[in-house]
Amino acid sequence: MNVPEKPAGAAPATLIRAFGAASGTMLVAGIVIGSGVFKKIVPLAQSGLSEEWILAAWVAAGLVTICGALNLSGMASLTEESGGVYEYLRLSFGNFASFLFGWTDYAIIGSASVAALAFIFAQSVNSLLPLPNPAEAWAQLSVAGWIYPFADSGIKLLAIGTTAALTWVNYRGVSGSGRLSIVFTAAKIGGILLLILAGIFLSAPTPDGAAAVAPAPVHEVSLASAFLGALLSVFWAYDGWVDLSFVTGEIKDPRRNVPRAIIGGVTVAIILYVLVNYAYLRALPLAALAAVGPNEIGAAAAAEALLGAWGKTGVAVLILISVFGTLNAVLLSHARVQFRMAQEGYFFPAAAAVHPRYRTPHRALLFTMAWSTVLIVSGTFERLTDLVIFATFLFYGLLAVAVVKMKRLGRIPGPVPGYPYVQILLLLFAATFTLHTLVTQPVQSAMGLGLIMTGLPLFVYFRRKVRTQPTEAVQQGA
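Only a predicted model underlies this, so the values are computations on that prediction, with no experimental measurement involved. (Residues numbered from 1 in each chain as written. Predicted model: local features only at pLDDT ≥ 70, side-chain atom pairs only at ≥ 80, totals over all residues. Heavy atoms only, no water.)

Caption draft 1: Region of the structure containing the environment of Glu344. Here Glu344 lies in the loop between α14 (309–343) and α15 (362–378). Sequence spacing of Glu344 and Glu87 is 257 residues, and the spatial spacing of their C-alpha atoms is 9.7 Å. Of note is the side chain of Glu344, whose polar atom sits 3.4 Å from the side chain of Arg90. At 2.9 Å, the side chain of Glu344 forms a polar contact with the side chain of Arg340. (Helix = DSSP H or I, 4+ residues; strand = E, 2+ residues; numbered from the N terminus. Polar contact = N/O pair within 3.5 Å; in protein donor to acceptor, adjacent residues only side chain to side chain.)

Caption draft 2: Region of the structure containing unusual backbone geometry. Cis rather than trans, the peptide bond between Tyr419 and Pro420 has omega equal to 0 degrees. Here the phi dihedral of Asp152 falls at roughly 50 degrees; this positive angle occurs in a residue that is not glycine. Within the secondary structure, Asp152 is located in the loop between α6 (95–128) and α7 (153–171). Accessibility expressed as a relative area gives 41% for Asp152, which makes it partly exposed. With a phi angle near 55 degrees, Arg359 is a residue other than glycine that sits in the positive phi range. (Buried < 20%, exposed > 50% of the residue type's maximum accessible area, 1.4 Å probe, protein only.)

Caption draft 3: Representation of the environment of Ser372 within the structure. On the secondary structure map, Ser372 appears in helix α15. Excluding anything up to four places from it in sequence, Ser372 contacts Ser111, Val114 and Ala115. (Contact = heavy atoms within 4.5 Å.)

Caption draft 4: A look at helix α5 (residues 85–93). Of all nine residues in α5, seven are buried, a share of seventy percent or more. Among the residues of α5, Val85, Tyr86, Glu87, Tyr88, Leu89, Arg90 and Ser92 are the ones counted as buried. The elements touched by buried residues of α5 are α4 (51–75), α6, α14 and α17 (391–408). Where α5 ends, the next residue or the one after it, Gly94, has phi of about 100 degrees, a positive value.

Caption draft 5: Fine view of the nonpolar core. Formed by 144 residues in total, the largest nonpolar core has its most connected members in Ile33, Phe38, Trp58, Ile192, Trp241, Ile262 and Tyr273. A total of 17 residues in this core trace back to one element, the largest contributor, which is α6. Dropping the residues within four chain positions of it, Trp58 is found in contact with Lys40, Leu44, Val234, Ala237, Tyr238, Tyr273, Val274 and Asn277. (Core = buried A, V, L, I, M, F, W, Y, C linked by side-chain atoms within 4.5 Å.)

Caption draft 6: Inspection of the pattern of salt bridges at higher detail. Taken as a whole and assessed by the stated rule, the structure comprises six salt bridges. Residues Asp253 and Arg256 are paired through a salt bridge, measuring 2.9 Å at the closest nitrogen-oxygen approach. Its relative accessible area of 39% is what places Asp253 among the partly exposed residues. Between Glu344 and Arg340 there is a salt bridge, and its shortest N-O distance comes to 2.9 Å. (Salt bridge = Lys/Arg side-chain N within 4 Å of Asp/Glu carboxyl O.)

In short, geometric facts, not functional conclusions.
Right, dumping it as structure tokens:
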């Protein structure tokens, strides 16, 4: 690619502030609304909860997410730099806490999300148009008996190609990537609205015998446990709302627009999630939704009941659109964490570069693409995500502590919505979820914490480098 040389003595290239409140809202909605809204109705129907409690779980998880957004709105006043949660933790607790978050995001959470979304996209294509498997002869070859790099080779190749194509789009400019996100977000919202209308106006009355085969109601003593399990399951469908903070350096008037966009995007998701799940419950009784097979999708079963085979195909296409748009937005946002880490000296220096022509963190994008590709080939991304997903709640809880700390130090001027009740609620929720995971999945939790700690040698290495550099080259953390 022909890029003009930067004139001698010219100021270094900086990121472009291309997102306003409206485009930021669409970006948040595009990240949050992925594949979960189409799949979660089946495990919820199998939980034994009634229809009313299932809908209540969607509302409750949305309200907790709104609390997280309100908490983040307090932190948004601290800085206009990219990095979001990484930068907030750095300013509040120093480089160690922020590095642990940034390393976890790069090694597992962000890159595994990219790999998983790309794989789901390729799987969806394969369900509509079967893909060839060029490496099928080597599909049984493994590394240590649990990594099969040649299995599902056709799906993996399409996943890698999709990741590379979207990385190229983001490499060439944030405006193009933002427009792509807006188009795909609008398309997925339109498709979900059609599902909602079909469920409300085309559903047939529930047969008289349906109640007899519906899941038994949850007994009083187990209601809290069942609802907590449903709430935690539903919460993953809201995950990703915090990603907008990663691109703070590319948002106009970020102190005002970051909280507005996050709250607006999450509100859109809550309304759509509650209504579309109501539509699913109108289309099929709970027993039928609970009986949907593991390789089927609840939304597709509901659409088929409403619209026949065309409805099922339409949902498959809608999932393609939804996952593709989310993948683009996740690639856009997570690379900014490594970009900010490198600026502070706590990641590989090349990741701090800004393209002189496109004004994007192009090398940070390539770092994300490279590790995501490794995870796609290994097929371990879902396992890694399951192992450490509870770590996101550790950091959300830490953010609540950060708001209290910075507010008491006078670093956050003016009122913070809901303070301090929002922070107390977040801390209680994060503690409950973390304790629940540690008790019910001790081995997986220990493995997840172990994977996070693999960044410790790198932290020591980067800290030594920072300390040997001139003070003006790197901003020192506390």
